[in-house]
Amino acid sequence: MAVELDPTLLEILACPQCHSALAVDHDRDELVCTSAECALAYPVRDQIPVLLIDEARSTRS
């Protein structure tokens, strides 16, 4: 299922850890932090972003 969040919501959402902007990763149904230092990915379940650091995964190798 593709992530379909209101663009206005995406403008105000921020990474809970570093407060950087989030970008949608449609392939993985996630919101990804745009900060290279943080690089956490937050799941989107039933079109609801789960912005909990404990639920996030690192996108760094």
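The structure this text deals with has already been given above.
Being a predicted model, the structure only gives us computed values, none of them experimental. (Residues numbered from 1 in each chain as written. Predicted model: local features only at pLDDT ≥ 70, side-chain atom pairs only at ≥ 80, totals over all residues. Heavy atoms only, no water.)

Engineer: Honestly, the side chain of Glu 30 in this entry has me stumped. Any pointers?
Structural biologist: When you line up the elements, Glu 30 lands in strand E2 (residues 30–33). Look past the residues within four positions of Glu 30 in its chain and what remains in contact with it is Val 3, Ala 23, Val 24, Asp 25, Ala 41, Tyr 42, Pro 43, Val 44 and Arg 57. (Helix = DSSP H or I, 4+ residues; strand = E, 2+ residues; numbered from the N terminus. Contact = heavy atoms within 4.5 Å.)

Engineer: What's the story with the nonpolar core in this structure? I'm lost.
Structural biologist: A general trend in soluble globular proteins is that nonpolar side chains are found buried together. If you look at the biggest cluster of nonpolar residues, it comprises 12 residues: Val 3, Leu 5, Leu 13, Cys 15, Leu 22, Leu 31, Cys 33, Cys 38, Leu 40, Tyr 42, Val 44 and Ala 56. Residue assignment for this core shows that the elements contributing at least two residues are E2 and strand E3 (40–45). Non-local contacts of Val 3, meaning those with residues more than four positions away in its chain, are made with Val 24, His 26, Asp 29, Glu 30, Val 44 and Gln 47. (Core = buried A, V, L, I, M, F, W, Y, C linked by side-chain atoms within 4.5 Å. Buried < 20%, exposed > 50% of the residue type's maximum accessible area, 1.4 Å probe, protein only.)

Engineer: Help me understand the pairing of E3 in this model?
Structural biologist: Among the 6 residues of E3, 5 are classified as buried, and the element is accordingly described as predominantly covered. Here E2 pairs with E3 via 3 bridges, running antiparallel. In the strand pairing of E3, Leu 31 is matched with Tyr 42. Linking two consecutive strands that pair antiparallel, namely E2 and E3, is a turn of 6 residues; a positive phi of about 55° is found at Ala 39 within it. Relative to strand E5 (residues 57–58), E3 is paired through 2 bridges, and the arrangement is antiparallel. Paired with Ala 41 across the two strands is Arg 57, which belongs to E5. As paired strands, E3 and strand E4 (residues 48–49) are joined by 2 bridges and run antiparallel to one another. Its bridge partner lying in E4, Val 44 is registered against Pro 49. (Pairing = 2+ DSSP bridges.)

Interpretation in functional terms is not warranted from these geometric data alone.
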